[in-house]
Every structure is written in C-alpha cells, then in structure tokens.
Amino acid sequence: MFGSLRVRNYRLFASGQVISNVGTWMQRIAQDWLVLELSGYDPVALGIAASLQFLPTLLFTLWAGVLADRHDKRRMLVVVQAGMAACALVLGTLDLTGLVQLWQVYALCLVFGMFTAVDPPVRQSFVGEMVGKEHLTNAVALNSSMFNLARVVGPAIAGVMIIWTGTGWVFLVNALTTVAVIVNLVRMNPAELYRQPRPASRRGQLREGLRYVRGRPDILIVLTMVLFVSTFAFTFFTTLAIAAANVFHRDADGYGLLSTMLAVGTLSGALLAVRRSTKSRPSMGLLVGAAFTFGVLEVGTGLMPTYLAFGLALIPTGIAMITFMTTANSTIQLATAPEMRGRVMALYMLVFVGGNPIGAPMTGWLAAEFGGRAPFVVGGVVAALSAVVCGVVLARRGGVTVRDRMRTARWTRGRARRNQARNLERADAA
C-alpha cells in the first residue's frame, strides 16, 4: 500500500505535505469563521471570499501548466509556498492587532488565490517526477490520504483554537507549517528525479496542450464530469459553515466538528483508494459510479433533520467524494504523455477549482433565499445527473474507442515529425 514511500524524494515531499496540510485546513476554517464574524454571519460574504480566492485559477492556471513543463518544478514550489506563508502571516498579524477588516480579508483571499492557482498543476505534475510511472497511482492515492488525514486533524484543532485564542493565531500557525514543505523541497536530491526533457520556450505551447486534450475524448469526458461535480457539489468549504451557523445554530467548534466528520469519510475513501492502487488501474466505471453515488448521498445529507444525523451522513458522502476525486486525478495523469502532463494537469485544476467563482456565490445565494440545506440538495442533483449523462455517452461510444486511440497515436506521430523537422532546420542553420 505504501510502495511510493520507498522513494526518498517522495518521503520528504509527503512528510512536509502532512504538516503543511494540517495548517492549511486550520486556516480555511479560521478564514471562513472570520468572514462570518466580520460580515454579521452573512452567507453571501462567505461566497464572495471563496470566489475571490478561486478567481485567479481562471486567469493563471493554464499558464502555470506551461511554466511547469518549461521550468524546474521543485524551485517553483519553493517560491509558491513562500508566497502562501506570507499571506497567512499578514492576515494573522492584522487579526491579532485588531486592525482586520472584511475588505482586507477579501484582498488577501485574492492574493492567496494567485499563488494557489500556480501551486496545483506544478505540484500534481511533480508527483510523477518524484516516483515515476510505476508508483504514480499509489502516490496520487497517498497524496489524497495525507490531505484528508490533515482534513480530520486541522478543522478540529482550528475549532478549539478559535474558541480559546481567536482566529489570528490559527493563521500564524499555518504560516509556520508551510516552512516544513520548503525545507523538505530544498533537501531533495534533484539527480533522483524522473525528469523528462523540457520543451524549449516557444509560442503556441498553451494551444498545443489544448489541442492534445481536444484529441483525447477519454480525457474530455473526465474533465466534463469534474467540471459539473466540482462547481456545484464540492461546495463544502462554504456550505458546512452556513449549515453549522444558520441551520443548526452552532459555534466555531460545531463547524470544525462537521468538517472533521466529512474528513473522516474522505480519509477512509483515500485509504481505500491506496488499497485499490495495488490491485488495479482506475476505471471509467468506477469514476461514473462514484460521481453518481456522491450526488445521491449529498442530497440525503442535506435533508438530514438533526445536527448529529447530518454529521454522520457526511462520512459516507466523504468516501464517495474522495473516490471520485482520486479516480479522476489518476485517470488523467496516467492517460497523459509525460511531456504534456503539466499543461493537462493545469487544465484539470482549472476545471476542478475554476468553477468556484460561479459555485461559491451561487451557494451563498441559495442558502440566503431557500435555507442552508438547499446548496446540498441542488449540488447533489447536479452531480448525479452529470454522472448519468457522461455514463450514457461512454456507453454509446463503447468506452474509449479504437478511433480515439488512433487519433491519439496520430497526434503523437505528428508531434514527433514536427520536432524532427525543427531539429533538421536548426542543424541546417548551424
């Protein structure tokens, strides 16, 4: 189950990520609660903050994928992590000094979002460089396990800290935990990385990545499902705070507990994904089934009558959610040529989080107009319907058809011929 941890570089990466992810989840809880306090518990304000944080993804993530394919991913991650730590430090200082205002939180959400727009495609594609293709599925599943282990611990710690010390110290703790990632990235041995030759800087590389995806119907179907599920159903950053405060009338510790219950489910799902990675590759059937199951469970969760029943229902919902996430991520990475992985993962992350500027305000509006349960019901219905539609398309196409594979092969041969022609032109010029 833990084969990828035999790779020293990945061990360093994983240990730093565990510590940093705990701090990241602590900050997410504290930031949501700070926005609610500063806005008079207005759900729309929470949606605006989430929208601002994810808006840069729409603008910069695709270019980040191009940069990831061109430059040293390890060094890029060091710079990005330092920027994220600086944002947490500034927000914590403003909060502790009593100077924090809602517009300042909005501004820092936007700046933080600029760094998080660059981080995912670089980090996701860097996993393949650390472990190689042999351990890639296992490493992706382990990443999800570590992320969700932190999701169990982080919100619980944040809820207690907010009650005891306020939100300011939570931000400073997150800034400190980010240092662990930077230190371990510096300690890695670059000679042991599975690096592919970097493409030379030239015009049209972003369009080249988009053409590659357009010629891969299997990747397009996965991206379509991810777009609808993530935009309308993966809204727990906003909806859990609204449900805790406005539906069940709980304080920050109640919100933290709901986040922990969801994380218990996502951690369980991630561990199951790690186990599956030792036996088989991800399949389209599992992907569609997980999306449909997640949608049905989210609707059921939104209709639960009591706080306890709501919290318990989050556990199976979390299992289905993370099963869909890890299967989609592994499917995309394994199906993509290594030299295109940075750009394709950038598009994946754009689809995955780029819908939040639409989904987050919609969630706040639904909660304000129809009550805190409405976002769960609407999001679950959209997720289930998208799974049904994509499943029907796959069934009619017979999965990934021979024609699709031939188109992909033609694209690969065509790219090789173009590269050979460019090399010959350079040789003649020399």
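Residues numbered from 1 in each chain as written. Predicted model: local features only at pLDDT ≥ 70, side-chain atom pairs only at ≥ 80, totals over all residues. Heavy atoms only, no water.

Undergrad: Sorry if this is basic, but what is going on with the overall build of the protein chain here?
TA: Of regular secondary structure, the protein chain possesses 16 helices and zero strands. Counting every position in the protein chain, which comprises 430 residues, the buried fraction comes to 58%. Accessible surface for the protein chain amounts to roughly 18000 Å². Of this, 65% is attributable to carbon and sulfur atoms. (Helix = DSSP H or I, 4+ residues; strand = E, 2+ residues; numbered from the N terminus. Buried < 20%, exposed > 50% of the residue type's maximum accessible area, 1.4 Å probe, protein only. Areas by Shrake-Rupley, 256 points an atom, 1.4 Å probe, with all protein chains shown as cover.)

Undergrad: How do you make sense of the pattern of salt bridges when you look at a structure like this?
TA: Opposite charge on two side chains permits pairing when their charged atoms draw close. This structure, assessed with the given rule, holds three salt bridges. Note that E129 and K73 form a salt bridge whose closest N and O atoms lie 2.8 Å from each other. Here E129 is found in helix α4 (residues 102-131), whereas its partner K73 is found in helix α3 (residues 73-96), with 56 residues between them in sequence. Between D218 and R216 there is a salt bridge, with the nearest N and O atoms lying 2.8 Å from each other. Take D218 and R216: they sit in the same class, and that class is buried. (Salt bridge = Lys/Arg side-chain N within 4 Å of Asp/Glu carboxyl O.)

Undergrad: Where do I start with the nonpolar core in this structure?
TA: Side chains that are nonpolar tend, in soluble globular proteins, to be buried together. Counting residues in each nonpolar core, the largest one holds 86 residues, and the members touching the most others are F294, F324 and Y348. In this structure, M76, V80, L142 and M188 belong to the second largest nonpolar core, which totals 32 residues. (Core = buried A, V, L, I, M, F, W, Y, C linked by side-chain atoms within 4.5 Å.)

Undergrad: Looking at this model, I keep getting lost on the packing of α3 against helix α6 (residues 168-187). Mind explaining?
TA: Pairs of packed helices are described in terms of their axes, by the angle between the two and the distance that separates them. It is at 8 Å that the axes of α3 and α6 come closest, and there the two elements cross at 165 degrees. Our classification of the angle between α3 and α6 gives roughly antiparallel. Along this stretch, α3 crosses α6, giving a crossing that reads as left-handed. Grouping the constituent residues of the contact of α3 with α6 by class yields 16 nonpolar, six polar and two charged. (Axes fitted to C-alpha atoms, helices over the stretch in contact; angles between N-to-C directions. Parallel < 35°, antiparallel > 145°, perpendicular 65-115°, else oblique. Left-handed = near helix turned anticlockwise from the far one by under 90°. Nonpolar A, V, L, I, M, F, W, Y, C, P; charged D, E, K, R; others polar.)

Undergrad: I tried to follow the packing of aromatic side chains on my own but got confused; where do I start?
TA: The relation between two aromatic rings is expressed through the spacing of the ring centres and the mutual angle of the planes. Counting across every chain of the model gives 15 aromatic pairs. Geometrically, the ring pair formed by W33 and Y41 is edge-to-face, given 6.1 Å between the ring centres and 80 degrees between the ring planes. Each ring, one from F236 and one from F376, has its centre 6.1 Å from the other, and the planes form 50 degrees; the classification is tilted. With F236 in helix α9 (residues 236-247) and F376 in helix α15 (residues 374-397), this pair connects stretches of sequence that are 140 residues apart. Neither residue differs from the other here; F236 and F376 are each classed as buried. Aromatic rings pair up to connect F234, F236, F248, F294, Y307, F310, F324, Y348, F352 and F376 into one cluster. The positively charged end of R28 is found above the aromatic ring belonging to W25, 4.8 Å away from the centroid. (Phe/Tyr/Trp six-rings, centres within 6.5 Å; stacked < 30°, edge-to-face > 60°. Lys NZ or Arg CZ within 6 Å of the ring centre and 35° of its normal.)

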